[in-house]
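Below are the chains, spelled out letter by letter.
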Amino acid sequence: MTNSPLPSEATISFKAICFRAFCYILFVAGAMQLVMFDAQSGVDRFTETSLTELMQSTLLLLGAVMMGYLHRRPSAIPHVSLLMGAFLFASYVRENDYWLDRYVFDGAWQVIVTLVVVPALFVVIRQRHAFVAEFKSISNSLGLGMFTAGFLTTYVFSRLYGRSEFWEAMLGDHYQRVIKDAAEEVTELAGYMLLFFACIELVLLLRRRARAA
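This structure is a prediction, so every number in the text was calculated from the model and none was measured.

J.: Before we move on, could you go through the overall build of the protein and cite the residues and values that matter?
T.: On a plain count of helices and strands, the protein comes out with ten helices and zero strands. Helices and strands appear in the protein in the N-to-C order α-α-α-α-α-α-α-α-α-α. Evaluated residue by residue, the protein yields a buried proportion of 38% over its 213 residues. Restricting to contacts in the protein with at least 6 residues of sequence separation, those with at least 24 account for 72%. If you sum the accessible surface of the protein, you get close to 12600 Å²; carbon and sulfur atoms cover 66% of it. In the protein, which carries 18 positive and 18 negative side-chain charges, the distance between the mean positions of the two groups comes to 16 Å.

Structural data, given as structure tokens:
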């Protein structure tokens, strides 16, 4: 006996997939045009006030909002979305550590991240069986795959790719910090776009499941 696809997975059409892929391509192209503007600006290139940094923060905040939307739908994936949302919001706070340290107090971002992450972890650990069941329900989804790819791109690859030692070895006497910063920040942006697209895919997936139910 063959396994039939889940109703939620079967309702998505090839045309819809192509349309979303086209939208994502346009989004990436637009983001890279803004990166190009940063590169050509000549001042504050890839610093805390750059368009690249602003895009990173915006993508993280929008992703956290979408996970908050899913968390408020008990029939969806409230525990998985809680953990993902806490992670994205903590990353948003970390991206804005410069402003928090400057205008709030030094170390403010660590306090905020702790206040967000610790309660979320407490709830997820306490409801771990529900979390595992929800995770299994999306384990083969495009959204979770993109989220994993975005996480690895931003928090593993970009950290290794952006090491000063690597760029000093590559460029030698021609080393300039702005080149290293550009490589790291643009790679981070690529990962954040994947995380953002993943949140969109998860929202659409859960909406399809709700309609199918």
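Next comes the rest of the account.
J.: Any details on the environment of Y103? Residues and values, ideally.
T.: When you line up the elements, Y103 lands in helix α5 (residues 97-103). In the structure, Y103 is positioned 103 residues away from L206 in sequence and 39 Å away in space, judged by C-alpha atoms.

J.: Let's hear about the nonpolar core: which residues, and what values?
T.: One broad rule of soluble globular proteins: the nonpolar side chains tend to lie buried together. Counting 35 residues, the largest nonpolar core has M67, L70, M84, L88 and I138 as the members making the most contacts within it. Where this core is concerned, the elements lending two or more residues are α2 (14-41), α3 (51-71), α4 (78-95), α8 (142-161) and α10 (177-212). Filtering out sequence-adjacent residues up to four positions away, L70 remains in contact with A76, I77, P78, S81, L202, V203 and L206.

J.: Mind laying out a nonpolar patch on the surface, listing which residues take part and the relevant values?
T.: There is a patch of nonpolar side chains on the surface, built from Y103, V104, F105, V111 and L115 and spanning about 530 Å² of accessible area. Within the secondary structure, F105 sits in the loop between α5 and α6 (108-126). F105 gets classed as partly exposed once you look at its relative accessible area, which sits at 43%.

J.: Outline the confidence of the model for the protein, supporting the account with residue identities and numerical values.
T.: Averaged over every residue, the pLDDT of the protein is 90; the share at 70 or more is 94%. In the predicted structure, residues 1-10 sits below a pLDDT of 50 and forms nine contacts with residues beyond four places in sequence or in another chain.

J.: Explain the side chain of E188 residue by residue, including any values.
T.: Looking at the element boundaries, E188 is found in helix α10. Once residues lying within four places of it in the same chain are set aside, the contact partners of E188 are Q56, E95, T154, S158 and R159.

J.: Go over the packing of aromatic side chains, please, and point to the residues and values.
T.: All told, the structure shown has 17 aromatic pairs when counted by the stated rule. The interplanar angle of 80° and the centroid separation of 4.9 Å between the aromatic rings of Y98 and W99 together place this pair among those described as edge-to-face. Considering the side-chain rings of Y155 and Y192, the 6.5 Å spacing of their centres and the 70° angle between planes classify their relative orientation as edge-to-face. Of this pair, Y155 sits in helix α8 while Y192 sits in helix α10, and the two are 37 residues apart along the sequence. Following the ring pairs from residue to residue traces out a cluster consisting of F87, F147, F151, Y155 and Y192. Directly above the ring of W109 sits R94, whose terminal nitrogen or CZ lies 4.6 Å from the centroid.

Calculation notes
Residues numbered from 1 in each chain as written. Predicted model: local features only at pLDDT ≥ 70, side-chain atom pairs only at ≥ 80, totals over all residues. Heavy atoms only, no water. Helix = DSSP H or I, 4+ residues; strand = E, 2+ residues; numbered from the N terminus. Buried < 20%, exposed > 50% of the residue type's maximum accessible area, 1.4 Å probe, protein only. Contact = heavy atoms within 4.5 Å. Areas by Shrake-Rupley, 256 points an atom, 1.4 Å probe, with all protein chains shown as cover. Lys, Arg positive; Asp, Glu negative; His and termini not counted. Charge placed at Lys NZ, Arg CZ, Asp CG, Glu CD. Core = buried A, V, L, I, M, F, W, Y, C linked by side-chain atoms within 4.5 Å. Patch = residues over 30% accessible without salt bridge, like charges linked within 9 Å, V, L, I, M, F, W, Y side chains within 5 Å. Salt bridge = Lys/Arg side-chain N within 4 Å of Asp/Glu carboxyl O. pLDDT = per-residue confidence, 0-100. Phe/Tyr/Trp six-rings, centres within 6.5 Å; stacked < 30°, edge-to-face > 60°. Lys NZ or Arg CZ within 6 Å of the ring centre and 35° of its normal.

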